[in-house]
Amino acid sequence: MSENQQQWTETIESSHSLFDLKLAEVWRYKDLVYMFVKRDFISSFKQTVLGPVWFFINPIFTTAVYLIVFGNIANLSTDGAPKILFYLAGVTLWNYFSACLTGTSNVFTGNAAIFGKVYFPRLVMPLSIVISNLMRFGVQMLLFIGAFLYFYFKGEVHPNIWILATPFLIVLMAAFALGMGMIFSSLTTKYRDIQMLLSFGVSLFMYVTPVIYPLSALPEKLRTIAYYNPLSGIFECFKYAWLGVGDFSAWMLVISTVIIFILLAIGTVVFNKVEKSFMDTV
């Protein structure tokens, strides 16, 4: 066959733009994304007694612990919102973010065997993790909405128009977790102990994020610093939208959006750079 007659269905190149996410190529592999999402969903509850019921048990028990420790013993402020609903809102959002971050941060080391045998866009793997966790988040969000409706009809919460921004807040959380996850995943190909540091860091990060307390409970100086935590604007906006409480302004969400997309761009550059040679170091 002459050179002009050869038609390749796929071309694998080592050189490409560091900012190129290859989204068109990822779209062609959408069936693979679906398979990974399905695999993650099934493997999470394989050989378990309660199965998907764990989606509800985790936030319920976590909320109960926060209610006892931080609500009753420490007596932290909730800006007048029902304590159960306040903690459930924080737990629902935090569970999604932390699951996405820890999952995507292990992409290279956890899937080296697959990456070394077959080619597909590497971005497929972290995207599938974000999507599979979105399914869990959706179930837990139903639990939150059920509790929200109870307190709403009792007249104890006062939602507002910002509730329409909820999908955007979820996208921001996913983008933040994806960006940071790609950075940490790339670093762990050479420095394995970063994975252990990340596990501790995620737990610590929760306490500098307004999950169990409102920003209004912080001193003025700490509150100003907290504005530059990308999750602060997201959590405060969510609680303000659904519960009608919180120290929230649109400027906080602007800051969060800018920082998140900068980190996502950095994560993209690092991820694309490392994926070319990570098999040599992993």
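Residues numbered from 1 in each chain as written. Predicted model: local features only at pLDDT ≥ 70, side-chain atom pairs only at ≥ 80, totals over all residues. Heavy atoms only, no water.

K.L.:
What exactly am I supposed to notice about the nonpolar core here?
P.N.:
Most often, soluble globular proteins have nonpolar side chains that are buried together. Core analysis: the largest hydrophobic core is formed by 72 residues, its most contacted members being F144 and L243. Not counting residues within four places of it along the chain, the set of residues in contact with L243 comprises A81, L85, F86, F144, V157 and H158. (Core = buried A, V, L, I, M, F, W, Y, C linked by side-chain atoms within 4.5 Å. Buried < 20%, exposed > 50% of the residue type's maximum accessible area, 1.4 Å probe, protein only. Contact = heavy atoms within 4.5 Å.)

K.L.:
Could you clarify how one ought to interpret unusual backbone geometry in this entry?
P.N.:
Leaving glycine aside, a negative phi is the common case for residues, and trans is the common case for peptide bonds. For N75, which is not glycine, the phi dihedral falls at a positive 55°. Within the element layout of this structure, N75 appears in the loop between α3 (54–73) and α4 (83–104). You can call N75 exposed: its relative accessible area is 55%. The backbone of D79 shows a phi angle near 60°, a positive value even though the residue is not glycine. Take D79: it is sitting in the loop between α3 and α4. A relative accessible area of 27% means that D79 is categorised as partly exposed. (Helix = DSSP H or I, 4+ residues; strand = E, 2+ residues; numbered from the N terminus.)

K.L.:
What am I meant to see in the packing of aromatic side chains here?
P.N.:
Aromatic ring pairs are described here by two measures, namely the spacing of the ring centres and the angle between the planes. Here the structure, examined in full by the defined rule, presents 18 aromatic pairs. When the ring of F144 is compared with that of F238, the centres are 5.4 Å apart and the planes differ by 45°; the resulting orientation is tilted. One end of the pair, F144, is in helix α7 (residues 124–153); the other, F238, is in helix α11 (residues 230–243), and 94 residues separate them in sequence. Comparing F144 with F238 shows no difference in burial state: the two are buried. A ring pair is formed by F148 and W242, whose centres lie 5.1 Å apart and whose planes are at 85°; its orientation type is edge-to-face. Of this pair, F148 sits in helix α7 while W242 sits in helix α11, and the two are 94 residues apart along the sequence. On the basis of relative accessible area, F148 is assigned to the buried category, the value being 6%. The exposure class of W242 is buried, given its relative accessible area of 10%. (Phe/Tyr/Trp six-rings, centres within 6.5 Å; stacked < 30°, edge-to-face > 60°.)

K.L.:
Help me understand the pattern of salt bridges, please; the structure alone is not making it clear to me.
P.N.:
Should their charged atoms come close, side chains of opposite charge can pair. Tallying each qualifying case throughout the model produces two salt bridges. We note a salt bridge from K154 to E156, for which the minimum N-O separation is 3.2 Å. Between R223 and E220 there is a salt bridge, with its nearest N and O atoms 3.6 Å apart. Of the two residues, R223 and E220 both sit in helix α10 (residues 220–226), three residues apart, roughly one turn of that helix. (Salt bridge = Lys/Arg side-chain N within 4 Å of Asp/Glu carboxyl O.)

Honestly, it's all geometry; don't read function into it.
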